[in-house]
Amino acid sequence: MHIYDDAVFTMACDQFQVIADYLNIDKNDRDRLMMPKRSMAVTLPVHMDDGSTKTFQGYRVQHHLTLGPTKGGTRFSPDLSMGETAALAMWMSWKCALNNLPYGGAKGGVACDPSKLSRNELEAVSRRYMQEMIPFVGPHTDIMGPDMGTNEQVMAWFMDTYSVYQGYCVNEIVTGKPVSVGGTEGRRESTGRGVVYLVERAMDMLKMDPEKSTAIIQGFGNVGSVAALSLGLKTGVKIVGISDHTVALYNPKGIDVKAADQHVQKKGNLRAFDEGDRIDANEMLEMECDVLVPAAVDRVIHEKNASKLKCRILAEGANGPTTPEADLILNKRWDEVFVIPDILCNAGGVIVSYFEWVQGLQSYLWTETEVTDKLFRILEHSFSQVIRRAKADKVSHRTAAMATGVERVMKAKVARGLFP
Ligand code: NAD
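Residues numbered from 1 in each chain as written. Predicted model: local features only at pLDDT ≥ 70, side-chain atom pairs only at ≥ 80, totals over all residues. Heavy atoms only, no water.

Some details on the pattern of salt bridges
This model, assessed by the stated rule, comprises 23 salt bridges. A salt bridge links Arg75 to Glu84, with the shortest nitrogen-to-oxygen separation between them at 2.8 Å. One salt bridge in this structure joins Glu200 and Lys234, with 3.6 Å as the shortest N-O distance. Linking Glu200 in helix 6 (residues 187-205) with Lys234 in helix 7 (residues 222-235), this pair joins segments that are 34 residues apart in sequence. Through salt bridges with shared partners, one network takes in Arg75, Glu84, Lys107 and Asp147. (Salt bridge = Lys/Arg side-chain N within 4 Å of Asp/Glu carboxyl O. Helix = DSSP H or I, 4+ residues; strand = E, 2+ residues; numbered from the N terminus.)

Some points on the nonpolar core
In terms of nonpolar packing, the biggest core is built from 89 residues, with Trp94, Leu231, Ile242, Ile313 and Ile340 touching the most fellow members. When residues in this core are grouped by element, the largest group, 12 residues, is from helix 3 (residues 82-98). Inspection of this core shows a minimum of three residues originating in each of domain 1 (7-171) and domain 2 (190-340). The residues touching Ile340, leaving out its near neighbours within four places in the chain, are Leu198, Val199, Ala202, Ile313, Leu314, Ala315, Glu316 and Cys345. Of all hydrophobic cores here, the second largest spans 27 residues; its members include Val125, Ile134, Met144 and Trp157. (Core = buried A, V, L, I, M, F, W, Y, C linked by side-chain atoms within 4.5 Å. Buried < 20%, exposed > 50% of the residue type's maximum accessible area, 1.4 Å probe, protein only. Domains from an automatic or database assignment. Contact = heavy atoms within 4.5 Å.)

So, helix 8 (residues 257-267)
Of all the positions in helix 8, only Val257, Ala260, Asp261, His263 and Val264 are classed as buried. Along the axis of helix 8, the buried positions cluster into a sector of 160°, meaning they face one direction only. In helix 8, the exposed positions that point more than 90 degrees away from the buried face belong to Gln265 and Lys266. Residues of helix 8 that are buried make contact with helix 7 and strand 7 (238-243). Where helix 8 begins, one side-chain oxygen reaches toward the backbone nitrogen of Lys258, 3.3 Å away; that side chain belongs to Asp256. (Arc of directions from axis to C-beta. Polar contact = N/O pair within 3.5 Å; in protein donor to acceptor, adjacent residues only side chain to side chain.)

Some thoughts on helix 13 (residues 368-393)
The end-to-end C-alpha distance of helix 13, which contains 26 residues, comes to 37 Å, matching closely the 38 Å that a straight helix rising 1.5 Å per residue would cover. All buried positions along helix 13 are accounted for by Val371, Thr372, Leu375, Leu379, Ser382, Phe383, Val386, Ile387, Arg389 and Ala390. Phi for Lys394, located one or two positions after helix 13, is positive at around 55°. (Expected span 1.5 Å × (residues − 1).)

Concerning the site of the ligand
In the vicinity of the ligand there are 22 residues, among which Arg75, Asp147, Thr191, His245 and Asn319 approach most closely. Arg75 has a polar side-chain atom sitting 2.9 Å from an oxygen atom of the ligand. A distance of 2.9 Å is found between an oxygen atom of the ligand and a backbone nitrogen or oxygen belonging to Val223. Out of a free accessible area of 830 Å², the ligand has 84% covered by protein chains. Residue assignment for the shell around the ligand shows that the elements contributing at least two residues are helix 6 and helix 7. Of the domains in this structure, domain 1 (7-171) and domain 2 (190-340) are the two that each give at least three residues to the shell around the ligand. (Near = heavy atom within 4 Å. Areas by Shrake-Rupley, 256 points an atom, 1.4 Å probe, with all protein chains shown as cover.)

Considerations on the packing of aromatic side chains
Under the defined criterion, the tally for this structure stands at 9 aromatic pairs. Seen from their ring centres, Tyr197 and Phe376 are 4.6 Å apart, and the 15° between their planes marks the pair as stacked. Placement of Tyr197 in helix 6 and of Phe376 in helix 13 is noted, with a sequence separation of 179 residues between them. Its relative accessible area of 16% is what places Tyr197 among the buried residues. Grouped by ring-pair contacts, the aromatic residues Tyr103, Tyr354, Phe355, Trp357 and Trp366 constitute a single cluster. (Phe/Tyr/Trp six-rings, centres within 6.5 Å; stacked < 30°, edge-to-face > 60°.)

A few points about the sheet that holds strand 5 (residues 142-146)
Pairing in this open sheet of 5 strands is mixed, and the strands run 1-2-4-3-5 from one edge to the other. Edge strands, defined here as strands with exactly one partner in the open sheet, are strand 1 (38-47) and strand 5. Between one strand axis and the next, the sheet turns by 20° as a mean value, whatever way the strands run. With respect to the sheet, helix 4 (residues 119-133) is in contact with strand 1, strand 2 (53-62), strand 3 (70-76), strand 4 (104-110) and strand 5, its orientation differing from that of strand 1 by roughly 140°. (Pairing = 2+ DSSP bridges. Axes fitted to C-alpha atoms, helices over the stretch in contact; angles between N-to-C directions.)

Quick look at the sheet that holds strand 11 (residues 313-315)
In space, the 7 strands of this open sheet follow the order 9-8-7-6-10-11-12, with mixed pairing throughout. The sheet is open, and its two borders are formed by strand 9 (277-278) and strand 12 (338-340), each paired with just one other strand. Here 4 bridges tie strand 6 (residues 214-218) to strand 10 (residues 291-294), and the two strands are oriented parallel to one another. From the neighbouring strand, Ile217 faces strand 10, where its bridge partner is Val293.

Overview of the domain arrangement of the protein chain
Domain boundaries in the protein chain define domain 1 (7-171) and domain 2 (190-340). Centre-to-centre, using C-alpha coordinates, domain 1 lies 26 Å away from domain 2. Contact with domain 1, which involves 13 residues of that partner, is made by 10 residues of domain 2. Of the roughly 810 Å² buried between domain 1 and domain 2 on both sides combined, carbon and sulfur atoms contribute 60%. Summed over the shared surface of domain 1 and domain 2, the number is 0 salt bridges. Across the domain 1-domain 2 interface, the total number found is 1 residue pair in polar contact (both at pLDDT 80 or more). Put simply, the parts of the chain that give the side of domain 1 that touches domain 2 at least two residues each are helix 1 (7-22) and helix 3. Ranked by the residues each element gives to the side of domain 1 that touches domain 2, the list is headed by helix 1, at 5 residues. The residue inventory of the side of domain 1 that touches domain 2, partitioned by class, reads 6 nonpolar, 1 polar and 6 charged. (Buried area = accessible area lost by both parts, 1.4 Å probe. Nonpolar A, V, L, I, M, F, W, Y, C, P; charged D, E, K, R; others polar.)

Right, dumping it as structure tokens:
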């Protein structure tokens, strides 16, 4: 059995092969580009509140080291596997390269359900995970950040643990930290804001009026809630559907997303939020709307529902929400559904993480306006490149985006050569 055996890793490899065919990459070079450079699996024994000791499995995958250190989020989720982590690391590589960031992709995490851990247990898991990873990470080796199930507090514990072991403060070891310990203004909102910036650009291209448009958002965590608030309150789009892992809510008259956000901050999820009709979570994706934002888990748009999507814009806030089988269907529907692919759509997070890392290395802090302005400039450049390439080569937006990323990594590998 392959250590990366997992449906998500298979999906990432299948996507890569499509791009490798389009770029005519020699068969000899494909594995070198696709397979992770280094992968770590660690066992984390942790004292639980009830006096027992529980062991958790942790992972970190560094996909390639060709362009600089690796960079990637940390996911705490019950079913996390080495294969899923490797797929996410591979997507990070193409995302960083597409946006010209000097990183290889990485990803890591712990197989655990953070909602079932007390604060003390969550801190113990976080600190133990970082402690086990100390030999493999560093500000010039591999920089961690947040992902599903982790937040600013977890990043602060990572940073503290690493710093205690080094004997001095190393805040550039993680990004997505609280501002009080060297985090960047606007990092928490950066992914959702980036999603909305690109949705606005797509609406502009498609001559859609935001004030007359509706949106449905799957996932109401960091990415989904900020995207909902920004789309609803700043852009003027009516949010008619929201969901999380507990419930899906639909209201054609519009949902009060500010109230939903306040509810989640207090209660932790949307379960008891009393607005709109409770509907089937899968059906919600197929409902009539102008903008659909999957901002939760992977593979939610697949061959069974891709032909039923009724959105005009599919803005992929999550990583890997669309399977290659669904892509084949959406490619045929290119004039009905405008896809903003994940490695472009949710790149705001890693772009601002890059700013945070640079600021940490230089002990220098930028204002939120500077950060957001620089973020939008990079996204604008990447968006234009993707649209231009897709038009010129008559390929999908995903192919154009991934090909740009893969090509940059390949050029760097060719220039550096094969050692020895
Ligand atoms: P989060 O943990 O803050 O929130 C996840 C949300 O998804 C929660 O509301 C959860 O209830 C919901 N959810 C989980 N399973 C679900 C399901 N089956 N159906 C509907 N909702 C479900 O995570 P996040 O940071 O917002 O990440 C969401 C996605 O965005 C992930 O795919 C992540 O990899 C991607 N992403 C995050 C960032 C970032 O900066 N946080 C950056 C780029 C991409």
